[in-house]
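So the chains spell out like this:
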There are 2 protein chains.
Amino acid sequence: MSAQIVSAIEYFEILLPLALILLSTKFCALVGKRLGLPQVVGMLIAGILLGLIRLIPNQTVFTESTLEGLSFLAKIGVILIMFSAGLETDIRQFKSCGLPSVLITFGGVILPLGLGFIVAAAFNGGFAGMTSHQAIVNLFYGTILAATSVSVTVAALKELGRLNTKVGASIIEAAILDDIIGVILLSLFISLNGGEGASNIGIVIGKMVGFFAAAAVVGFALHFLLNLIEKKHPHTRRLPILGFAICFLFAYAAEEWFGVADITGAYVAGIIISTVREHEYIDRKVEVSSYMIFVPVFFANIGITADFSGIDAAMVGFGFAFIAVGLLGKVLGCGLTALACKYSFKDSLRVGIGMMVRAEVVLVCTQRGVENGMINPSIMPFVLILIILSALLAPLLLKLSYRHEPLEPAPALEAVTPSEETPASADGSAQN
Amino acid sequence: MSAQIVSAIEYFEILLPLALILLSTKFCALVGKRLGLPQVVGMLIAGILLGLIRLIPNQTVFTESTLEGLSFLAKIGVILIMFSAGLETDIRQFKSCGLPSVLITFGGVILPLGLGFIVAAAFNGGFAGMTSHQAIVNLFYGTILAATSVSVTVAALKELGRLNTKVGASIIEAAILDDIIGVILLSLFISLNGGEGASNIGIVIGKMVGFFAAAAVVGFALHFLLNLIEKKHPHTRRLPILGFAICFLFAYAAEEWFGVADITGAYVAGIIISTVREHEYIDRKVEVSSYMIFVPVFFANIGITADFSGIDAAMVGFGFAFIAVGLLGKVLGCGLTALACKYSFKDSLRVGIGMMVRAEVVLVCTQRGVENGMINPSIMPFVLILIILSALLAPLLLKLSYRHEPLEPAPALEAVTPSEETPASADGSAQN
């Protein structure tokens, strides 16, 4: 009882950091938007600025207990971010996905993964005598570079009037696919790292296959259940609440029963729910409830807890090499594959440029690697630079690449517009 | 670092109880709705049922760490509940409030408060030699009975076509006022209990007056700021996010700087924001984000942590006496005052019956008293019975009281409908 009383008295202290996070993330996100940066960047910078408070002696804003509280909310936040990412996957588009997009995806995963691995190995003990554990860690650095966040590219192409083109469609399809591949690889390497190294790779992959098989079966049942409920009670709050519960259950089951990362479970739950008729309604409610507290806390918390003290000259070298292969890996991996698929040189370049943008998922992966003690926490600032650079470069380069091409009459390929770009406008609200 | 890793691995365990809470609270709330019970009752019963899991040996759902996580989310939940309660206060109605409603409010606060005090004193050591600390505790029991939740009454009167009557208007106005009085009294007694008893009553009241004065000044400034933002950027997410931040800041400032309960700060923040033009938009977003996780966790957690083991014969006697004065106190307190204000006998009775319904606020007050170690945790089941009884009795008795009266042609007093009864329908969604 007495412990509970102490907690009760202390708990209100979390309210001050929460208020500061909400105010600063929104402010920085709005400022960032004017500079053409994605929201995520603003939230991260807000977190880094808030983190400066920790340098003040005897400050009471970020105490051990408030930091623990923020970290707790951030954990729920990351689940919701991945759930949202899954929800926004347009599975119908995935079905109609052509072979070139599949190949471009693989090119855009393999090259950054390989280059990331090589750079990580070169800076972390070299290749000679690399243990299987070190190999997994180096592969994890590569995995971080696999997932693309195309919202910035989509916005840029839309502004240029080029979203409904072969380039736009390829980028959107490939970005969906490489998220899925990235999440699977992430789970795989975390599981391998958690066990006895590469020796139990059979068990890890077996469990992972088991998870996806179970998720497919349960997912089919849930698909029909949710559509049934929607038919009887359309637009009721029970649907998003059920969605949340499914997300949490999948995340829990993945981690507890299959040894697969909980964020993978949440992502898969999101993909399943993206197939039901009311998925946009559910997505809207999920977005409101996660963007009001959990998501800003997740991104700000990365900044607040960022540790710049471990950055020495070697780390700076590694960091910038990592950024370079992150950007070039996608441009070359996707671009060259597109060229091989008979895209024109300019279109190939555009696909490569469009695919190099990173945001949420790369952060989630990095944060997860840091938490599991797999990767060096000092990589985080460089990941931040990668996100900012890619978000600034991609729209600029795309604009340049279209400079001498007149706009064709607008085609009627409306279906290409991804759900990311149909914001919560049904209730008449804007996101900023 | 290692502590952080342990936390990271353990955190996913909260997802299972969260999923179970979301599923069971929604299910029980829907079942309860069919029986005419408010949502809160369903959520509490869901919590009690989930609490049975704790009886299973070696269960891993409600461990010490998951219970701590739930309790943390519940603390944020209670802040949001009180913020919502404040947001739904229609301050314009408050201004046009007639003297009879004010008098009815006072009658309906003083009698339950007095009777609650007497019953608590009779069962807890008697009146002779009562210490000032014990007096504060006994007064706190009375305070729990002060606040009314009229949503059930409003729904019943609406169904009977009697909402836009003198009775309906009086009930709505009195319910707003008694919430405010209840919250102030709650803060007062908690502060007095926290200090050296009644000896520092001057300081406590001085700080409280200081808080309300500061809140009024800051509130005026915020009112204009929010209206300015709304004018420039209507229906943007920055408004509800700013609202959340203001709520958290007020709650923090109340507790930290003025020694006033944080929930009072949140409630006052809600009242301030209820005065701005976009208050309905903000309320809708706040509701979505709180009802998706925080609020179900708050109510379910009361049930999950309910301790029935301390209930002996004396407690049962006290509990039922408490329920009786809770119901009768409001009926007599409001009814007799209404009679004195020249309401007809039947109308007076109706006002009394309408005012006896309790829900959210009584739970928040009780929970706060338990957390502060002021009141016996075993009172909680009886508060639950009080909520259920009042929610079942009030609509039934109101219906009976109108049995022989023909419905008059509908008057055009549309403005009397409280904002509670204009649900989140603007985005086309229902709450159930």
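Residues numbered from 1 in each chain as written. Chains lettered and ligands numbered in written order. Predicted model: local features only at pLDDT ≥ 70, side-chain atom pairs only at ≥ 80, totals over all residues.

(A) Region of interest: the overall build of chain A. When helices and strands are counted, chain A shows 17 helices and zero strands. When the 432 residues of chain A are sorted by exposure, 55% land in the buried category. Across chain A, contacts joining residues at least 24 apart in sequence account for 81% of those joining residues at least 6 apart. (Helix = DSSP H or I, 4+ residues; strand = E, 2+ residues; numbered from the N terminus. Buried ≥ 20, exposed ≤ 12 C-beta atoms within 10 Å, placed from the backbone. Contact = placed C-beta atoms within 7 Å.)

(B) Main features of the environment of L18 of chain A. Residues and elements named next belong to chain A. Within the secondary structure, L18 sits in helix α2 (residues 15-34). For L18, a count of 27 C-beta atoms within 10 Å corresponds to the buried category. For the pair L18 and V61, spaced 43 residues apart in sequence, the C-alpha to C-alpha distance is 9.7 Å.

(C) Representation of helix α9 (residues 166-194) of chain B within the structure. Between its first and last C-alpha atoms α9 of chain B spans 42 Å; for 29 residues at 1.5 Å apiece the expected length is 42 Å, and the two agree. Within α9 of chain B, 24 of the 29 residues are buried, which leaves it mostly tucked inside the rest of the structure. (Expected span 1.5 Å × (residues − 1).)

(D) Main features of the packing of helix α11 (residues 238-258) of chain A against helix α12 (residues 262-273) of chain A. Residues and elements named next belong to chain A. The geometry of α11 relative to α12 is characterised by a closest axis approach of 7 Å and an angle of 140° between their N-to-C directions. With respect to α12, the element α11 is oriented oblique. As α11 runs across α12, the sense of the crossing is right-handed. Residues G243, I246, C247, F250, A251, Y252, A253, A254 and E255 of α11 form the contact with α12, whose participating residues are D262, T264, G265, A266, V268, A269, G270 and I273. When the residues that make up the contact of α11 with α12 are grouped by side-chain class, the tally is eleven nonpolar, four polar and two charged. (Axes fitted to C-alpha atoms, helices over the stretch in contact; angles between N-to-C directions. Parallel < 35°, antiparallel > 145°, perpendicular 65-115°, else oblique. Left-handed = near helix turned anticlockwise from the far one by under 90°. Nonpolar A, V, L, I, M, F, W, Y, C, P; charged D, E, K, R; others polar.)

(E) Spatial organisation of helix α8 (residues 151-159) of chain A. Residue and element names in this part refer to chain A. Restricting attention to buried positions, one finds in α8 the residues S151, V152, T153, V154, A156 and L157. At its buried positions, α8 is contacted by α9 (166-194), α15 (345-355) and α17 (380-401). Downstream of α8 by one or two residues, G161 has phi in the positive range, about 70°.

(F) Seen up close, the environment of L115 of chain A. Residue and element names in this part refer to chain A. On the secondary structure map, L115 appears in helix α6 (residues 99-123). Given 23 C-beta atoms within 10 Å, L115 falls into the buried group. Once you skip the residues sitting within four places of it in the chain, L115 turns out to touch V325 and G329.

(G) Broad picture of unusual backbone geometry. Within the chain, N58 of chain A stands out as a residue other than glycine whose phi angle is a positive 60°. Structurally, N58 of chain A is set in the loop between α3 (39-51) and α4 (64-87). A positive phi angle is found at K342 of chain B, which is not glycine, with a value near 70°. Summarising the element assignment, K342 of chain B is placed in the loop between α14 (313-340) and α15 (345-355). Classification of K342 of chain B as exposed rests on a count of 9 C-beta atoms within 10 Å.

(H) Representation of the confidence of the model for chain A. Residues and elements named next belong to chain A. Per-residue confidence for chain A gives a mean pLDDT of 86; residues scoring 70 or more make up 89%. Here helix α1 (residues 2-11) stands out as the least confident element of chain A, with mean pLDDT 46; helix α14 (residues 313-340) is the most confident, with 95. Counting contacts from residues 1-9, a segment whose pLDDT is below 50, to residues more than four positions away or on other chains yields four contacts. (pLDDT = per-residue confidence, 0-100.)

(I) The arrangement of the packing of α8 of chain A against α17 of chain A in detail. Residue and element names in this part refer to chain A. The geometry of α8 relative to α17 is characterised by a closest axis approach of 9 Å and an angle of 25° between their N-to-C directions. Comparing the axis directions of α8 and α17 gives the class roughly parallel. Crossing of α8 over α17 shows right-handed handedness. Between α8 and α17, the residues in contact are V152, T153, A156 and L157 and A391, A394, P395 and L398, respectively. Within the contact of α8 with α17, the residues separate by chemical class into seven nonpolar, one polar and no charged.

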